[in-house]
Structures are given as C-alpha cells and as structure tokens.
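# Breakdown of the fold
In case you want the letters, here they are:
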Amino acid sequence: MLEVTRRLNDRASLTLYMLDREISYQVFKDHPTLIVCPGGSYLFRAKKESEPIALTFLARGYNVVLLNYTTYFAKRVDLKSDQPKTDPQSHYPRQLRELVQALKVLKELSAEYKIDLTRLFLLGFSAGGHLAASYAVHWNDHQYLNKIGIDANDCLKLQGLLLAYPMLTGELGDVIRHGQKNASIMEQLPYLNSAIYGCQQPTQAQKDELNLVQQVNANVPPTFLWQSLQDEVTSVEDSLEWVTKLTKLDIECESHFFGSGKHGMGLANSIAAKTSADEDAACSKWVELADLWLKRHDSITEEA
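As the structure is a computational prediction, the values presented were derived from the model and not from experiment.

Turning our eyes to something else, we now look at the pattern of salt bridges. Summed over all chains, the structure comprises 13 salt bridges. Between arginine 11 and aspartate 87 there is a salt bridge, with its nearest N and O atoms 3.0 Å apart. Placement of the pair is arginine 11 in the loop between strand E1 (2–7) and strand E2 (13–18) and aspartate 87 in the loop between strand E6 (63–68) and helix H2 (94–113), with a sequence separation of 76 residues. Relative accessible area serves as the criterion here: at 17%, aspartate 87 is assigned to the buried category. Its salt-bridge partner being glutamate 98, residue arginine 94 comes within 3.2 Å of it at the nearest N-O pair. Of this pair, arginine 94 and glutamate 98 both sit in helix H2, four residues apart, roughly one helical turn. As far as the burial class goes, arginine 94 and glutamate 98 line up, both buried. Because the salt bridges share partners, they merge into one network encompassing Asp10, Arg11, Asp87, Arg94 and Glu98.

Next comes the structure, spelled out in structure tokens:
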C-alpha cells in the first residue's frame, strides 16, 4: 500500500491510500477510486467515518481518497466543559471548493500513480453527505460554480455517488430540535447555523441554496443511499424524496432503509464503535451492499 498526503490549504488536506498495482509477479491491475467525505455537522470531522472507512474499502479493492476538509471548530472539544475555537470563514461552500481542489490534485497525480479518472466514486456521511451531494448536484452548473469561486474545468464526472445518512438540506438544527434526545448532539445546536450558513439567522435564499433535494437534476450520477429509520439527526423524509426525484429522472438509485440503528454509526460494527449503540448487525451490511453496487457500476465503466 502507498499513502500520499497533500495539503490543500492551512487547514485542509487529502490522504490518498493506494493499493499496489502489481497483484502478482509482473501482473498489474488498476483500481477504481473512492473519495470519502466524513461527517460532523461541518463542526468537526468524525473519526469513525474517516480512516476506518478508508481502510475498509481499500481492503475491498479500491484506492481511497480521504478528504480532510475545513471545519468550523479548529479542533473537537468536549462542549460540556470547553469553549471551542472557531473559524468564522469555514462555513459552506468552502468545503465544496476544497473538494474540487482535491479533484484537481488527483488530476495532477493521475499520471504518476496511474489513477483512472473515469472510475471515480464519491462517498459522504451526514454533513459529508451534504458535501458529496452538493458536488453531485452542481458539478456541471458553470454559473453556480463561478458564483462560489470554483473553476468548472477542475470538476470531474463521477461514476457514482454514495450517501450514508446524509444531510440534504441546511435545516439540521430544526431536525435535531424536533427529534433529538442525545445530549452531546443537542450541545452542537448553538454552533450549527454558523458552521453551515456562516450566520445565526440565515435568509430563506440561503436555506434554498443548501436545500439539495429541491435541486436534483439530470446531472446527478447513479446513487447508493442508506439510512436508519430511527435516525433523529438527519431527515429520512429528505432521503426518501431524494430517491423519488432520482427515480422520476430515470437515474438509478439503490436505497436501503434499516429498521434499527441510529445516526452516525459509520461502519456500524465493532471496529470503530465507541459503545454497543454504535453497532447494528443489519446496518453493518451496508458495506457489502455498497461494495456490490460499486463493482457493478465500475464494471459498467470498464465495459464502456
């Protein structure tokens, strides 16, 4: 395995985990690339949705890019006892600019490391799902990209999009207020709008801009989505509407809604579980299901 890290700016970076191309003596094989965007409410990046995810999919035959995007908290702290140091300039769409910058770096590395840019997949968890879905919605929208300071020429077409319990609008605080019982999640509420919108009282125009469900279009790639029906942080209804809109556009979307589990489980197995509540036997099957979906769509690329 080869591990390569590149800084995107003073707070963001990418880490590329690459499988050895020589799979046997003088036998070489290229692998598809999966870009991973961890969650964390745009406040921090969740550890369980970072390296454990990257190494799991590396073991299943994918080169993996872990995007360490900028977050509102300079570092994660215990909000019960500590006041976080915040970065007022870190709100969305800075993270989208960093994702596109990471794609530009992949282009630059592609010749040296034999990265096939036609075999790219993007996986996002929770707020990272918002980032991934934002790219899927806007990657070919030159007018919007220009408005937020992105050169459309740096964007690449995805072969597929994977969303794990995604945040698909900016209304995360409202969803939490109505359904959340977890104290550690409730402690994040005072910071959420600043992390997402850059202000405490967003306008309706700002809310509309971050509502990705209402912006689904024919340029969104085939999608794999999973979520627990017991999720009290991100909206199951938004995920169902996303799936419905893709279906109406005749865009293939495989979705799995599990009857048990909670928000933010990552792999949903013992590898990165803090407590038994982070494990769920049914939800943990998402990795195998996603792997099958990825291989099917990657084979479509190879055949094409």
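Spatially, the eight strands line up as an open sheet ordered E1-E2-E6-E5-E7-E8-E9-E10, and their pairing is mixed. The open sheet has two edge strands, E1 and strand E10 (253–258), and neither has a second partner. Across the sheet, the mean angle separating the axes of adjacent strands is 15° when strand polarity is ignored. Two strands pair when backbone bridges link them, and strand E8 (residues 160–164) and strand E9 (residues 223–228) are joined in this way by four bridges, in the parallel orientation. If you follow leucine 163 over to E9, its bridge partner there is leucine 225. Of the strands in this sheet, E2, strand E5 (33–37), E6 and strand E7 (120–125) touch helix H1 (residues 51–59), which is tilted by about 25° from E2. In the packing of helix H9 (residues 236–248) onto the sheet, the strands contacted are E8, E9 and E10, and the crossing angle to E9 comes to about 155°.

We now examine the packing of aromatic side chains. In total, this model carries 13 aromatic pairs according to the counting rule given. Considering the side-chain rings of phenylalanine 125 and tryptophan 286, the 5.8 Å spacing of their centres and the 80° angle between planes classify their relative orientation as edge-to-face. Of the two residues, phenylalanine 125 is situated in strand E7 and tryptophan 286 in helix H10 (residues 286–303); the sequence distance between them amounts to 161 residues. Taken individually, phenylalanine 125 and tryptophan 286 each receive the classification buried, so the pair is uniform in this respect. Taking 5.9 Å as the distance between ring centres and 75° as the angle between the ring planes, the aromatic pair formed by tryptophan 226 and phenylalanine 258 counts as edge-to-face. Linking tryptophan 226 in strand E9 with phenylalanine 258 in strand E10, this pair joins segments that are 32 residues apart in sequence. Residue tryptophan 226 shares its accessibility class with phenylalanine 258, and that shared class is buried. The rings of Phe57, Tyr62, Phe125, Tyr165, Trp226, Phe258 and Trp286 are connected pair by pair, giving a single aromatic cluster.

Nonpolar side chains tend to gather and get buried jointly when the protein is soluble and globular. Residues Tyr42, Leu96, Leu122, Tyr135 and Trp242 are the most contacted members of the largest nonpolar core, which totals 67 residues. In terms of residue count, the dominant contributor to this core is H2 (nine residues). In contact with tryptophan 242, other than residues within four places in its own chain, are Ala133, Val137, Leu161, Leu163, Leu168, Leu212, Val213, Val216, Val220, Thr223 and Leu225. Core analysis: the second largest hydrophobic core is formed by 28 residues, Phe57, Phe121, Phe224 and Trp226 among them.

Turning our attention to the pairing of E2. Most of E2 is tucked away, with six of its six residues classed as buried. Of the two faces of E2, the one lined by Ser13, Thr15 and Tyr17 and the one lined by Leu14, Leu16 and Met18 are each fully buried. Note: E1 against E2, six bridges, orientation antiparallel. Within E2, the residue paired with threonine 5 across the bridge is threonine 15.

The topology assignment puts histidine 31 in the loop between strand E4 (27–28) and E5. According to the relative accessible area criterion, histidine 31 is buried, its value standing at 9%. Separated by 3.5 Å, the side chain of histidine 31 and the backbone oxygen of lysine 29 make a polar contact. There is a polar contact of 3.3 Å between the side chain of histidine 31 and the backbone oxygen of glycine 61. Those residues within four positions of histidine 31 in sequence are excluded, and the remaining contacts are Leu19, Asp20, Gly61, Asn63 and Arg119.

The rules behind the values
- Along each chain, numbering runs from 1 in the same order as the chain's sequence is written.
- At least 70 in pLDDT is required for a residue's local features to be given in this predicted model, at least 80 for side-chain atom pairs to be given and counted, and no such filter applies to totals for whole chains, interfaces and linings, which use all residues.
- The basis for every side-chain value is the complete set of non-hydrogen atoms in the structure, without hydrogens or water.
- Each reported salt bridge corresponds to a side-chain nitrogen of Lys or Arg within 4 Å of a carboxyl oxygen of Asp or Glu.
- Think of it this way: any DSSP run of H or I at least four residues long counts as a helix, any run of E at least two long counts as a strand, and we number them from the N terminus.
- Between buried and exposed lies partly exposed: a residue is buried under 20% and exposed over 50% of the maximum accessible area for its type, with that area taken using a 1.4 Å probe on protein chains only.
- For two strands to pair, DSSP has to find at least two bridges joining them.
- The axes used here are C-alpha line fits, helices contributing only the stretch in contact, and every angle between their N-to-C directions lies in the interval 0 to 180 degrees.
- Any two residues having at least one pair of non-hydrogen atoms within 4.5 Å are treated as being in contact.
- For Phe, Tyr and Trp, rings pair up if their centres lie within 6.5 Å, where Trp contributes its six-membered ring, and each pair is then called stacked (planes under 30 degrees apart), edge-to-face (over 60) or tilted (otherwise).
- To form a nonpolar core, buried Ala, Val, Leu, Ile, Met, Phe, Trp, Tyr and Cys residues must be joined to one another through side-chain atoms within 4.5 Å.
- Pairing of N or O atoms within 3.5 Å defines a polar contact, subject to two protein rules: one partner must be a possible hydrogen donor and the other a possible acceptor, and residues neighboring in sequence count only if both atoms are side-chain atoms.

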